[in-house]
Amino acid sequence: MELRSIPSGGTVAASSAPRAGLSALRPPAFGAEPAGERMARIRRSPHFANGVFQNPGGAARMRPSGSGRDMAKQFLDKDARSRRAPRGTIPVHPTTLADLTRPPATGLRLTWTGHSSVLAEIDGQRVLFDPVWGERCSPFPFAGPKRLHPVPLSLAALGPVDVVVISHDHYDHLDMPTIRELAGTDTVFAVPLGVGAHLERWGVSADRLRELDWQESTRVGGLTLTATPARHFCGRGLRNTQHTLWASWAVAGERHRIYHSGDTGYFEGFRDIGGAHGPFDATMIQVGAYSEFWPDIHMTPEEGVRSHLDLQGGKPGGVLLPIHWGTFNLAPHPWAEPGEWMADAAEAVGQTVAFPRPGAPFEPGGELPTEPWWRPLTRPVPRVWNTGVPPRNEETPSGDLDLAGDR
């Protein structure tokens, strides 16, 4: 069976016909396929048709488009490769117990531990989004994208978590060793439809699962968690049956509201999410691992700013925390480009952005981390975007290219 690589840790098989004995050979990290009542519930979903989950706004291109030769040239180019990793040690903040035991003065504190993993302390509850503590986002410990920086603290040092929220089942968002460690606690897991099959195989009891379709909500303590639409795809094994849903998440407490995008391409539905669940005190927006070869399933920083504004009713507000960058090398762009581009795109529209070092807690209602910590570790980032803001001493090719506009 031919396998085709997909960004963000997924794979899509050229043929989905099952092979004899495949289930017996399935590694534990592949998880489990939904079955029984779980599969029956999936089939009843209004977002499931023709045997697969459907994206909002029509079909999304999940496989690289354009010339395979052009894509290979980008990935293999020696100069481009040198930009996809830091020139030194990323300044990780060694998160301590003192950082996390003192209640946030404003009632809301975020700790980005890298990639899409964020601990949100909101109105007395602790929510852990997409926890990935593994060294590689891969089903195998010896292959696959490796971390560019260590995790800032151990899971045990994180302290009790009220609810773990999973956006979808790709390896850089759903990590089996991390889930197995969390399965030994009494935390609740809020996941999209079908994803619970993986967690049950890894030791999470069914009574601790809250498995939701888009627009469904669950209560955990004083929080309301709602699975909201996203434009992406799913899959962990050789046969990507598209039987597990992907989602973004809106979380509302007594005083605060936050949003985690998971992985998504830009789509008009952000306005509806903001209208129903916003405005938000903080959004965690995916802005890394984008490429012109898969423009429908990941956002550029400029699209990330646009999505944040949509979520806030069309104008700047709250704090935007860029996620899904700086930890794993999953695309041909320079590793620090998402931070640099995001800083310019947000400045162009007057939107406040937080740039914490991995592991450094901050309160969106307090003093924000804004230092571009990545700059000493990277060669000048080529300026290939157009936000209307003068470049900050970067190499500027002749004729700016607005990638978002070209798409």
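Residues numbered from 1 in each chain as written. Predicted model: local features only at pLDDT ≥ 70, side-chain atom pairs only at ≥ 80, totals over all residues. Heavy atoms only, no water.

Novice: Where do I start with helix H9 (residues 301-311) in this structure?
Specialist: Structurally, the α-helix is built with 3.6 residues per turn, so residues lying three or four positions apart point the same way. Burial of H9 is extensive: ten of the eleven residues sit out of reach of the surface. Here H9 has its buried residues at Pro301, Glu302, Glu303, Gly304, Val305, Ser307, His308, Leu309, Asp310 and Leu311. A positive backbone phi angle near 80° is found at glycine 313, which sits one or two residues after H9. (Buried < 20%, exposed > 50% of the residue type's maximum accessible area, 1.4 Å probe, protein only. Helix = DSSP H or I, 4+ residues; strand = E, 2+ residues; numbered from the N terminus.)

Novice: It is not clear to me how the pattern of salt bridges should be interpreted in this structure. Could you clarify?
Specialist: Close approach of charged atoms lets side chains of opposite charge pair. The final tally for this structure, using the stated rule, is nine salt bridges. A salt bridge links glutamate 216 to arginine 41; the shortest N-O distance between them is 2.7 Å. Here glutamate 216 is found in the loop between strand E10 (209-212) and strand E11 (217-220), whereas its partner arginine 41 is found in helix H1 (residues 36-44), with 175 residues between them in sequence. Under the relative-accessibility criterion, arginine 41 is labelled partly exposed at 28%. Each of Arg38, Glu200 and Glu211 takes part in salt bridges that share partners, so that together they form one network. (Salt bridge = Lys/Arg side-chain N within 4 Å of Asp/Glu carboxyl O.)

Novice: How do you make sense of the sheet that holds strand E9 (residues 188-192) when you look at a structure like this?
Specialist: Pairing between the strands of a sheet is mediated by backbone hydrogen bonds and can be parallel or antiparallel. Spatially, six strands are ordered E5-E6-E7-E8-E9-E10 in an open sheet, and the strand pairing comes out mixed. The strands lining the two open edges of the sheet, one partner per strand, are strand E5 (108-114) and E10. Here the strands of the sheet are splayed against their neighbours by 20° on average, with no regard to which way each runs. Relative to strand E7 (residues 125-129), strand E6 (residues 117-122) is paired through five bridges, and the arrangement is antiparallel. Of the residues in E7, the one forming a bridge with valine 118 is phenylalanine 129. (Pairing = 2+ DSSP bridges. Axes fitted to C-alpha atoms, helices over the stretch in contact; angles between N-to-C directions.)

Novice: Looking at this model, I keep getting lost on the packing of aromatic side chains. Mind explaining?
Specialist: By convention here, two paired aromatic rings are described through the distance between centres and the angle between planes. By the definition in use, this model includes 14 aromatic pairs. Taking the centre distance of 6.3 Å and the plane angle of 80° together, the rings of phenylalanine 53 and tryptophan 246 count as edge-to-face. Separated by 193 residues along the polypeptide, phenylalanine 53 in strand E4 (residues 52-53) and tryptophan 246 in the loop between strand E12 (223-228) and strand E13 (248-252) bring together distant segments of the chain. The same class applies to phenylalanine 53 as to tryptophan 246, namely buried. Here the aromatic rings of tyrosine 290 and tryptophan 341 are separated by 5.5 Å at their centres, their planes lie at 85°, and the arrangement is edge-to-face. (Phe/Tyr/Trp six-rings, centres within 6.5 Å; stacked < 30°, edge-to-face > 60°.)

Novice: Help me understand the sheet that holds strand E14 (residues 257-260), please; the structure alone is not making it clear to me.
Specialist: The strand order E11-E12-E13-E14-E15-E16 describes an open sheet built from six strands, whose pairing is mixed. The outermost strands of the open sheet, each flanked by one partner alone, are E11 and strand E16 (319-323). Each strand axis lies, on average, 20° off the axis of its neighbour in the sheet, ignoring direction.

Novice: So what exactly am I meant to see when it comes to the environment of glutamate 200 here?
Specialist: Position of glutamate 200 among the secondary structure elements: in helix H7 (residues 196-201). In sequence terms glutamate 200 and arginine 180 are 20 residues apart; their C-alpha atoms lie 9.9 Å from each other. Those residues in contact with glutamate 200 that sit more than four places away from it in its chain are Arg38, Ala206 and Leu209. (Contact = heavy atoms within 4.5 Å.)

Novice: Just to check I follow, could you spell out the nonpolar core for this structure?
Specialist: In summary, soluble globular proteins display a tendency toward joint burial of nonpolar side chains. Counting 71 residues, the largest nonpolar core has Phe129, Trp249 and Ile258 as the members making the most contacts within it. Ranked by the residues each element gives to this core, the list is headed by helix H10 (residues 337-349), at five residues. (Core = buried A, V, L, I, M, F, W, Y, C linked by side-chain atoms within 4.5 Å.)

Novice: What should I look at first to understand the environment of threonine 327 in this one?
Specialist: With respect to the element layout, threonine 327 can be found in the loop between E16 and H10. Here threonine 327 falls in the buried class, since its relative accessible area comes to 0%. For threonine 327 and proline 145, which are 182 residues apart along the polypeptide, the C-alpha to C-alpha distance reads 9.5 Å. Setting aside chain neighbours within four positions, we find threonine 327 in contact with Gly114, His115, Lys146, Arg147, Leu148 and His149. Within the local environment of threonine 327, its side chain forms a polar contact with the backbone nitrogen of histidine 115, the two atoms lying 2.8 Å apart. Polar side-chain contacts of threonine 327 include one of 2.8 Å to the side chain of histidine 149. (Polar contact = N/O pair within 3.5 Å; in protein donor to acceptor, adjacent residues only side chain to side chain.)

Novice: Can you help me understand the pairing of E12 in this one?
Specialist: Along a regular strand, successive side chains alternate from one face of the sheet to the other. Among the six residues in E12, five count as buried, and that is most of the element. For E11 and E12, the ladder comprises four bridges, and the chain directions are antiparallel. Bridging across to E12, valine 220 finds its partner in leucine 223. With five bridges connecting them, E12 and E13 associate as antiparallel partners. Opposite threonine 226, over in E13, you have alanine 250 as the bridge partner.

Novice: Any chance you could explain the pairing of E16 here in plain terms?
Specialist: Counted residue by residue, E16 has five buried out of five residues, so it is predominantly covered. A two-sided burial pattern is seen for E16, the buried positions comprising Val319, Leu321 and Ile323 on one face and Leu320 and Pro322 on the other. Taken together, the five bridges between strand E15 (residues 282-286) and E16 define a ladder with parallel strand orientation. By the bridge assignment for E16, methionine 284 is matched with leucine 321.

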